[in-house]
Amino acid sequence: MTIHVKNNIHWVGQRDWEVQDFHGTEYKMTKGTSYNSYLIREEKTVLIDTVDHRFSHQFLQNLEMEIDLKEIDFIVVNHAEEDHSGALSALMEKIPNTPIYCTEAAIDSIVGHHHHPEWNFKTVKTGDTIDIGNNKQLIFIEAPMLHWPDSMMTYLTGDSVLFSNDAFGQHYCDEHLFNDEVDQNELMDQCLRYYSNILTPFSSLVTAKIKEVLSFNVPVDMIATSHGIVWRDNPTQIIHQYLEWADNYQEDRITIFYDSMSNNTRMMADAIAQGIHDVDPKVAVKVFNVSKHDKNEILANVFRSKGVFVGSSTMNNVMMPKIAGMLEEITGLRFKDKKAAAFGSYGWNGGAVDRIHARLTDAGFETAVSLKTKWRPDGKAMRECREHGRQIAKQWTLDSASLISAIPLVEPKVVTKEQPVQTTPIAVDEHPADCQCMICTVCNWIYDPAIGEPNQGVEPGTAWDDVPDYFLCPDCHLGKEVFAEYSKDKTEAA
Ligand code: FEO
């Protein structure tokens, strides 16, 4: 089956209604997905991306009903991950010498997956073009780390279609192809779930890349993603939405998530939630048990929140493993400008709460005082938990005028309130206040002018302004544009 997209462009992808797992089992798909491949037939015939390797047979069968494969002049691989290039092996068996246009980084990924270094790769960079006839060209735009080093987008002039690959997509399956044809709430829910769980760490790159694309000053009539729908109605809406999400996004929302051995920490969570609502009825409060709720939904809520409460019973003097896993994910997602507080019930020591507090601080959250309750909270302890929620919510309220001052506050006599753990990043001591270091905003690698980067010919003593434009971060291989002054970061961390 094919679907007409525009003029001589057809969708030749694959729908996957039943898939539930992506990236192993780390991303749960609640609405299926699609693997979007596009066939452009101008004077040249071009295939943009393929589909997941599990659908290679169906993909080729479908494509062969549409076209003699030998008519394909070349293939564009915007991204080498298996859900897009998985069917390449089967396709290249049929048309082995067909040129494959991709980034240099993609060759490494494609060969690494398919083990065919002899394929006819054609490396492209941002701004490179190919004439496909009928006064139309393809323009390539590299998009490294959105979300793999090999990622790129392809723009078709004349039709003004941006083939954006993962960017602006969503794991969403529907028999309709276009954004104006589907349930708008479902669509935007899946867009946010996708951005928050996959793209959040690269937000600074998202902003930079969008500005770069906009600087080309070309019309965008459609955005043809590689998952989910094609944006044809007001396609720039998703660009503007991405810019908003990439800008340290938060709503007036507080998320509480916990794990609980004996229901005691859960009782604390409920009381804290009530306390928050007492002083700020307008704030959205969402409560999740990590053992029972969808992890990606929790992370999407953290993304939307101004602050989070994280709770765990103490087990063997550490936090419960699912909470530890969540904190690891949150650290990797590199949320910015959010607040957090730890809480939990304990029996004979409360190591979990201390560890949660330290982990949240290390993950960049502005941490408030923690709360521990011994054994099962009685009525007095529940009042104290509720008061704790009130006090923290007051601190976190974005608009102090929205506070309901009429509600009398109970005297805060919390069973045990731990003082914040002082965790000073080691790097602060290593870098004086007037240091000229630069930090990679993606992976936190630090460029110190005193050390330089001799592996790239940057001698010790080289100021950042004199570092050549070809310089790449040694850890994540991104360019100078993702670096920021280290001193600013340090000030925020202190
Ligand atoms: Fe849709 Fe990066 O895979």
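Residues numbered from 1 in each chain as written. Predicted model: local features only at pLDDT ≥ 70, side-chain atom pairs only at ≥ 80, totals over all residues. Heavy atoms only, no water.

## Some remarks on the UniProt feature "binding site: Fe cation 1" (unreviewed entry) in the protein
Alright, step 1. Summarizing the sequence annotation, UniProt attributes the feature "binding site: Fe cation 1" (unreviewed entry) to His79, Glu81, His147 and Asp166 in the numbering used throughout. Sequence-wise these annotated residues cover 88 residues; spatially they are packed, their C-alpha atoms never more than 10.1 Å apart.
Alright, step 2. Since its relative accessible area comes to 9%, His147 is described here as buried.
Alright, step 3. Discounting residues that sit within four places of it in the chain, His147 has contacts with His23, His79, Glu81, Asp166, Ile198, Leu199 and Phe202.
Alright, step 4. Among the polar contacts listed, one links the side chain of His147 to the side chain of His79, at a separation of 3.5 Å.
Alright, step 5. Position of Asp166 among the secondary structure elements: in the loop between strand S15 (161-165) and helix H5 (184-199).
Alright, step 6. Taking the relative accessible area as the measure of exposure, Asp166 reaches 3% and is therefore buried.
Alright, step 7. Beyond its immediate sequence surroundings of up to four residues, Asp166 is in contact with His79, Glu81, Asp83, His84, His147, Tyr194, Ser226 and His227. (UniProt positions renumbered as here; feature names shortened; annotations may be inferred. Buried < 20%, exposed > 50% of the residue type's maximum accessible area, 1.4 Å probe, protein only. Contact = heavy atoms within 4.5 Å. Polar contact = N/O pair within 3.5 Å; in protein donor to acceptor, adjacent residues only side chain to side chain. Helix = DSSP H or I, 4+ residues; strand = E, 2+ residues; numbered from the N terminus.)

## Comments concerning the packing of helix H10 (residues 321-333) against helix H11 (residues 351-362)
Each packed pair of helices is defined by two parameters, the angle between the axes and the distance between the axes.
Alright, step 1. At a closest axis distance of 9 Å, the pairing of H10 and H11 adopts a crossing angle of 10°. Considered as vectors, H10 and H11 are oriented roughly parallel to each other. Counting all contacts with H10, which are made through Ile323, Ala324, Leu327, Glu328 and Thr331, the residues of H11 involved are Ile356, Arg359 and Leu360.
Alright, step 2. Classifying every residue of the contact of H10 with H11 gives five nonpolar, one polar and two charged. (Axes fitted to C-alpha atoms, helices over the stretch in contact; angles between N-to-C directions. Parallel < 35°, antiparallel > 145°, perpendicular 65-115°, else oblique. Nonpolar A, V, L, I, M, F, W, Y, C, P; charged D, E, K, R; others polar.)

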